[in-house]
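Remarks on the overall topology
Listed below are the residues making up each chain.
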Amino acid sequence: MVDKSEVLDHAQVVDVNGEHVGIVDHFEGDDKIKLAKSDPEAGGQHHIIPFSWVKEVDDNKVILSKSKDEVESEWQAV
C-alpha cells in the first residue's frame, strides 16, 4: 500500500504502462490528487484523480493502476 506522503508535488504521473499522464500539482482534500494545468497533457486545465488509483511510487514518479485512456475518460476536470 502506498503512503500518501510518498506522493510529492510536481512528481510525474504515469499510467500502468509507463505513459505520461500528468504532473502532481497538490493533494485536494485527503484522497484526491490535483494534476497541474500547465502540463501539456492537461489541455490548460486542472484534473482530479483519486488517490486510490495510485499503484506505487518509484523515486519521484507516481504510477497509476489504470491505462492512460481509462484515466482520461474518468478524471474530473476542474
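Described in the following lines is the structure provided in the data block. Values in this document were obtained by computation on a predicted structure and should not be read as measured data.

Description of the overall build of the protein
Along the protein, the regular secondary structure elements total 1 helix and 7 strands. Counting from the amino terminus, the protein carries its helices and strands in the arrangement β-β-β-β-β-β-α-β. In summary, the protein has a C-alpha radius of gyration of 11 Å against a globular reference of 12 Å for 78 residues, a match within 12%. Here the protein holds 78 residues, and 40% of them are scored as buried. Look at the contacts in the protein between residues 6 or more apart in sequence, and 41% of them connect residues 24 or more apart. Each charge class in the protein can be summarised by its mean position, and for the 8 positive and 18 negative side chains these summaries are 3 Å apart.

Some points on the side chain of histidine 47
With respect to the helices and strands, the residue histidine 47 is situated in strand S4 (residues 47-50). A relative accessible area of 5% places histidine 47 in the buried class. A polar contact is formed between the side chain of histidine 47 and the side chain of tryptophan 75, at a distance of 3.5 Å.

Brief notes about the side chain of lysine 68
The residue lysine 68 is located in helix H1 (residues 68-74) in this model. In this structure lysine 68 comes out as buried when scored by relative accessible area, which is 13%. A distance of 3.4 Å separates a polar atom in the side chain of lysine 68 from the backbone oxygen of histidine 20. Apart from residues no more than four positions distant in its own chain, lysine 68 is found in contact with Asp15, Glu19, His20, Val21 and Glu41.

As for the pattern of salt bridges
As enumerated under the stated definition, the model contains 6 salt bridges in all. The partner of lysine 68 in a salt bridge is glutamate 19, and the shortest N-O contact between them spans 3.7 Å. Here lysine 68 is found in helix H1, whereas its partner glutamate 19 is found in the loop between strand S1 (12-14) and strand S2 (20-28), with 49 residues between them in sequence. Overall, glutamate 19 belongs to the partly exposed group, its relative accessible area being 42%. Residues aspartate 31 and lysine 32 are paired through a salt bridge, measuring 3.8 Å at the closest nitrogen-oxygen approach. Given a relative accessible area of 45%, aspartate 31 falls into the partly exposed group.

Rules used throughout
- Residues numbered from 1 in each chain as written.
- Predicted model: local features only at pLDDT ≥ 70, side-chain atom pairs only at ≥ 80, totals over all residues.
- Heavy atoms only, no water.
- Helix = DSSP H or I, 4+ residues; strand = E, 2+ residues; numbered from the N terminus.
- Rg over C-alpha atoms; globule rule 2.2 N^0.38 Å.
- Buried < 20%, exposed > 50% of the residue type's maximum accessible area, 1.4 Å probe, protein only.
- Contact = heavy atoms within 4.5 Å.
- Lys, Arg positive; Asp, Glu negative; His and termini not counted.
- Charge placed at Lys NZ, Arg CZ, Asp CG, Glu CD.
- Polar contact = N/O pair within 3.5 Å; in protein donor to acceptor, adjacent residues only side chain to side chain.
- Salt bridge = Lys/Arg side-chain N within 4 Å of Asp/Glu carboxyl O.

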